[in-house]
Amino acid sequence: MEFIVSRENLIKPLAQVCAVLSSRPPMPVLHNILLEVKGGTLFITGTDAEVELTAQVTLFSATQDGVATIPGKKFLDLCRSLPDDSEITASFEQDRAIIRSGRSKFNLSTLPAEDYPTLADWLPNVSFEMAQSTLLNLINATHFAMASQDARYFLNGMKLETDGHLFAAIATDGHRLARCEEPVSTELPKHDVILPRKAVLELQRSLDTKGDTVMVQIGTNNLRVNLGKMMFTSKLLDGHYPDYRQVFPRQPKYDIAIDAQAFKRACMRMAIVAQDKENKVKLARLLFTENQLKITASNPSLDKAEEFLDIAYNGDAMEVGFNIAYLLDVLNNIKSERVLMRLTDTTRPCLLESDPSSNAQYVIMPVRL
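A. Quick peek at the overall build of the protein. The helix and strand tally for the protein stands at six helices and 23 strands. Projected onto its principal axes, the C-alpha coordinates of the protein cover approximately 80 × 50 × 35 Å. Taken over 369 residues, the protein has a buried fraction of 51%. Pairs at least 24 residues apart make up 68% of the contacts formed inside the protein by residues separated by at least 6 positions. Seen as two clouds, the 40 positive and the 46 negative side-chain charges of the protein have centres 5 Å apart.

B. Structural view of the pattern of salt bridges. Tallying each qualifying case throughout the model produces 18 salt bridges. Among the ionic pairs, D48 bridges to K198, the shortest N-O distance being 2.6 Å. Here D48 is found in the loop between strand 3 (41–47) and strand 4 (51–58), whereas its partner K198 is found in helix 4 (residues 197–206), with 150 residues between them in sequence. A salt bridge links E306 to K294; the nearest nitrogen and oxygen atoms lie 3.7 Å apart.

C. Representation of the sheet that holds strand 8 (residues 96–101) within the structure. Overall, antiparallel pairing links the five strands, which are arranged 5-1-7-8-9 in an open sheet. The sheet terminates laterally at strand 5 (61–62) and strand 9 (104–109), the two strands that pair on one side only. With six bridges connecting them, strand 8 and strand 9 associate as antiparallel partners. Of the residues in strand 9, the one forming a bridge with I99 is F106. Lying on the sheet, helix 1 (residues 7–18) is in contact with strand 1 (2–6) and strand 7 (87–93); it crosses strand 1 at an angle near 95°.

D. Looking closely at the packing of helix 5 (residues 260–274) against helix 6 (residues 324–331). The geometry of helix 5 relative to helix 6 is characterised by a closest axis approach of 10 Å and an angle of 150° between their N-to-C directions. As judged from the angle between their axes, helix 5 and helix 6 are roughly antiparallel. Between helix 5 and helix 6 lies a crossing of left-handed hand. Each of A260, F263, K264, C267, M268, M270, A271 and A274 in helix 5 lies in contact with helix 6, whose residues at this interface are I324, L327, L328 and L331.

E. A look at the nonpolar core. Counting residues in hydrophobic clusters, the biggest one holds 112 residues, and the most contacted among them are L10, I33, I258, F263, L286, F288 and M341. Ranked by residues supplied to this core, first place goes to helix 5 with eight residues. Within the second largest apolar cluster, twelve residues are counted, among which are A168, Y241, F248 and V363.

F. Spatial organisation of the packing of aromatic side chains. Under the criterion given, the structure shown has seven aromatic pairs. Aromatic ring contacts, followed pair by pair, group Y254, F288 and Y313 into a single cluster. Here K38 stacks its cationic end above the ring of F43, 5.9 Å away from the centre of that ring.

G. Here's a closer look at the sheet that holds strand 6 (residues 66–71). Taken together, the eight strands give an open sheet; going across it, the order is 6-2-3-4-15-14-13-10, and neighbouring strands pair in antiparallel fashion. The open sheet terminates on both sides in strands that have one partner only, identified here as strand 6 and strand 10 (126–131). In this sheet, neighbouring strand axes are inclined to one another by 20° on average, regardless of whether the strands run parallel or antiparallel. Pairing analysis gives six bridges linking strand 2 (residues 32–38) to strand 6, with the strands arranged antiparallel. Each bridged residue has a counterpart across the sheet, and for I33 the counterpart in strand 6 is I70. Those strands touched by helix 1 are strand 2, strand 3, strand 4 and strand 15 (230–235), and its axis lies near 175° from that of strand 4. Its contacts with the sheet put helix 3 (residues 132–142) on strand 10, strand 13 (213–218) and strand 14 (222–226), and the angle it makes with strand 10 is roughly 100°.

H. Representation of the environment of L203 within the structure. Following the sequence through the fold, L203 ends up in helix 4. Spatially, the C-alpha atoms of L203 and F167 are 16 Å apart, while their sequence positions differ by 36 residues. Among residues more than four places away in sequence, those in contact with L203 are L135, I139, L195, V225 and F232.

Calculation criteria
Residues numbered from 1 in each chain as written. Predicted model: local features only at pLDDT ≥ 70, side-chain atom pairs only at ≥ 80, totals over all residues. Heavy atoms only, no water. Helix = DSSP H or I, 4+ residues; strand = E, 2+ residues; numbered from the N terminus. Buried < 20%, exposed > 50% of the residue type's maximum accessible area, 1.4 Å probe, protein only. Contact = heavy atoms within 4.5 Å. Lys, Arg positive; Asp, Glu negative; His and termini not counted. Charge placed at Lys NZ, Arg CZ, Asp CG, Glu CD. Salt bridge = Lys/Arg side-chain N within 4 Å of Asp/Glu carboxyl O. Pairing = 2+ DSSP bridges. Axes fitted to C-alpha atoms, helices over the stretch in contact; angles between N-to-C directions. Parallel < 35°, antiparallel > 145°, perpendicular 65-115°, else oblique. Left-handed = near helix turned anticlockwise from the far one by under 90°. Core = buried A, V, L, I, M, F, W, Y, C linked by side-chain atoms within 4.5 Å. Phe/Tyr/Trp six-rings, centres within 6.5 Å; stacked < 30°, edge-to-face > 60°. Lys NZ or Arg CZ within 6 Å of the ring centre and 35° of its normal.

The values are spatial; any link to function lies outside them.
Spelled out as structure tokens, the structure:
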């Protein structure tokens, strides 16, 4: 097998595919990527055995169809080191790959293509199309609330659920929760799965706000997103996601409307003062009185800050504490002029959403003062 490709066409898809490779793979062949030539098109596949990306690259020429592996990150680094207008020729003989460009030649060892694990073909339970920008919005609006290394492994991912004409993404780490939903044109069955954290972040990197529509396919154990010249596939987490609807305030007593940008800037200033090496949780105290909010923060070094904001609120005076980082994560995703906070009391979950309400909702647990 031999093919010729321009560096310009190759470098971006090659970098995207190599991003999924693990630095400590469970088997040596997973240091490699799979190269397959079919009818003048190069298919590049990379996987860590959990997440798989396949990209298509148009070739200048190819002698014959075939398949081979090559060390992924080494091949990427060599291509990056070549001049921008380079043409790259790759040929494969037994257990060697020979890469040529101009007066440069590289000889790399390979491993058998038949040993390369790919996520097997499977039949989806749910299939639908949506805009890339819409799918990216769902992920951007919720991914920050995923757990990272929680012993409850099912929280280290994002729940995706379909029901009727709605597709929703939910993430929680047990202290805060984010949910966002988007309408789809296809009527979908009721179905839910958990996409692992790494897969969520890789999919987020692969999506483009200016891209066309994508085909989303969800099965029992796998999820696939067809991005045109890029195919994303991931295994799913096997676990029971908690009933997140129970944490939403059912009958909130207090509705408080606040200027979103003013609140965000105030929290950013509070976070600066609350920062301390020994203080892992940056705490903000929010004192609500009639049409006024007082925000205070301090740290063990006795630094203090306070700020007042005008709000729309006519209830009883109350004081509640929140992790400032959690507040900022929500405020960074709210695009409306005002944010609405809904509280039952100072110890129960607080609901935050855009005012007027949007397709995203956020719940944060208060911190005991």
